[in-house]
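Geometric and topological summary
Residue-level listing of the chains:
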Amino acid sequence: MNDSIILHDKVFKPYLSYDKIISAIDGVAAKINADYEGCTDIPVLLCVLNGSIVFTGELMKRLKFNVELVSMKLTSYDGVRSTGKVRQVMGLSGSVKGKRVIVVEDIVDTGNTIVDLMDIVLGEGASDVRICTMLLKPEVYKKDVKLDYVGMEIPNAFIVGFGLDYNEIGRNYKDIYVLDPVATEQLNEKMKYYILFGPPGAGKGTQAAAMVEKYNLCHISTGELLRKEIAAGSELGLKAKALIDAGALVPDEVVEGMIENQFKTVKGVKGFLLDGFPRTIAQAEALDAMLAKNSQEVTSVVSIMIPDKMITERIKHRATIEGRADDANDATIANRIKTYHDKTEPLIGYYRKAGKYAEIDGTGSIEDVRSKIFATMDKF
Ligand code: 5GP
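Residues numbered from 1 in each chain as written. Predicted model: local features only at pLDDT ≥ 70, side-chain atom pairs only at ≥ 80, totals over all residues. Heavy atoms only, no water.

Further remarks concern the site of the ligand. Not every one of the 18 residues close to the ligand is listed here, only the nearest: Thr 110, Gly 111, Thr 113, Ile 159 and Asp 165. Between the ligand and the protein, one listed contact pairs an oxygen atom with a backbone N or O atom of Ala 157 at 3.5 Å. Relative to its unbound accessible area of 500 Å², the ligand is 93% covered by the protein chains. Of all elements in the fold, only strand E4 (68-78), strand E6 (100-108) and helix H3 (112-123) reach the threshold of two or more residues within the shell around the ligand. Residues belonging to the shell around the ligand are distributed by class as follows: 7 nonpolar, 6 polar and 5 charged. (Near = heavy atom within 4 Å. Polar contact = N/O pair within 3.5 Å; in protein donor to acceptor, adjacent residues only side chain to side chain. Areas by Shrake-Rupley, 256 points an atom, 1.4 Å probe, with all protein chains shown as cover. Helix = DSSP H or I, 4+ residues; strand = E, 2+ residues; numbered from the N terminus. Nonpolar A, V, L, I, M, F, W, Y, C, P; charged D, E, K, R; others polar.)

A few words now on the sheet that holds strand E15 (residues 357-361). Across the sheet, which stays open at both edges, the 5 strands sit in the order E12-E13-E11-E14-E15 with parallel pairing between neighbours. What marks the edges here is a single partner per strand, and that holds for strand E12 (217-221) and E15. Each strand of the sheet is rotated relative to its neighbour by a mean of 25 degrees, with strand direction disregarded. The pairing of strand E11 (residues 192-197) with strand E14 (residues 300-305) spans 4 bridges and is classified as parallel. Bridged to Tyr 194 within E14 is Ser 300. Sheet strands in contact with helix H6 (residues 222-232) are E12 and strand E13 (271-275), and its direction is about 85 degrees off that of E12. (Pairing = 2+ DSSP bridges. Axes fitted to C-alpha atoms, helices over the stretch in contact; angles between N-to-C directions. Contact = heavy atoms within 4.5 Å.)

Attention now goes to the packing of helix H10 (residues 308-321) against helix H11 (residues 330-353). If you want to describe how two helices pack, look at the angle between their axes and the distance between the axes. Interaxial distance between H10 and H11 falls to 10 Å at its minimum, and their mutual angle equals 130 degrees. As far as their axial angle goes, H11 and H10 are oblique. Classified by chirality, the crossing of H11 by H10 is right-handed. Each of Asp 308, Ile 311, Thr 312, Ile 315 and Lys 316 in H10 lies in contact with H11, whose residues at this interface are Asp 330, Ile 333, Arg 336, Ile 337 and His 341. Here the contact of H10 with H11 is composed, by residue class, of 4 nonpolar, 2 polar and 4 charged. (Parallel < 35°, antiparallel > 145°, perpendicular 65-115°, else oblique. Left-handed = near helix turned anticlockwise from the far one by under 90°.)

The next thing to look at is the pairing of E12. Counting buried residues along E12, 4 of its 5 residues qualify, which places the element largely inside the surrounding structure. Here E12 runs beside E13; their pairing, made up of 5 bridges, is parallel. Residue Cys 218 lies in a different strand from E13, and its bridge partner there is Phe 272. (Buried < 20%, exposed > 50% of the residue type's maximum accessible area, 1.4 Å probe, protein only.)

This part takes up the packing of aromatic side chains. If you walk through the whole model with that rule in mind, you get 12 aromatic pairs. Between Tyr 36 and Phe 65, the aromatic rings sit 5.2 Å apart at their centres with planes inclined by 10 degrees, giving stacked as the arrangement. Of the two residues, Tyr 36 is situated in helix H1 (residues 18-36) and Phe 65 in the loop between helix H2 (53-62) and E4; the sequence distance between them amounts to 29 residues. The exposure class of Tyr 36 is buried, given its relative accessible area of 0%. With a centroid separation of 5.1 Å and an interplanar angle of 90 degrees, the aromatic rings of Tyr 350 and Tyr 351 are classed as edge-to-face. By relative accessible area, which is 21% here, Tyr 350 ends up partly exposed. A relative accessible area of 1% means that Tyr 351 is categorised as buried. Three or more aromatic residues joined by ring pairs make a cluster, and in this case those are Phe 12, Phe 158 and Tyr 166. (Phe/Tyr/Trp six-rings, centres within 6.5 Å; stacked < 30°, edge-to-face > 60°.)

As far as function goes, none of this settles anything; it's purely spatial.
This is how it looks when you write it as structure tokens:
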């Protein structure tokens, strides 16, 4: 249980492992078995739905005397806070009249629920009521009702898992997680996700560096990322390397996995500048889905445009400087330009439709283009 989980708008970090919970339940079951050993009556195990459902199941398996299972449903929590009022959603599913009852609670917090439960169960004619709770928050519990069996005491924090929910989800996790306020704040702070487009020679590299600095972004260039992951020998890197070595293309899932890793692990930035991704509509859709999982979205696409003639001139010029003029013949360049247009055109349509596409005239001086880019980014 190393990973945090996200439920709705909150992040929860690992807190109590399944093994720890189970050993606490073993302890509680042993005490109950000792107290009820040799009983001739059939006590009622009262499962307080929904939270206690998992605990009741685990506890019941460990009891060595006959019990009858009765349940009822109460609610007192709204989100991560106790409302202070207990509402009965479903009454007792069976009679407790004249019977000994063991109330099985997931967690006792303020104790309001337990006080109300006592009233209800005694009011229905139970001959004896004992309280068994998997967890207790002693700092908060201020009632006089005796808690006969307590699995474990925990500090006053909001937890989920092992039956406990946050707004109805999280009950199915086998371990228990605690609310992580710092990570939650980070999650809810809207990060910026910019995408950079531009044909070869448009000055993308120079402008990307300025954008990253001014807006505190993490520059994600997919080519560089691949090389980094391979060098680091990560699981994705190894997968990518095997494919590249075999002469195959790195599939979308691998590239997307690497990008998602960056989103998750890079801290201390206000956003990301994606360069070289997405290249296809399918990747753009995957990116949208990836961000939507955390209530995030693409901020805008910054597309630096120069006329085809200028692309040719700049590539040729660069090739001369770098001493590889033979690579830069007219046919090769024309092909690169065509590929760029063919690939980018559908994406431009995709982001234009979403109202996120911004085209910048890249023909001016570096400073001129930069200030146009900044003005556009400030608008989004
Ligand atoms: P009390 O009435 O004692 O204040 O609260 C008891 C009920 O509140 C529990 O049965 C449970 O449903 C809910 N509750 C209290 N603390 C927590 C918590 O940390 N996490 C979750 N998920 N529910 C809690």
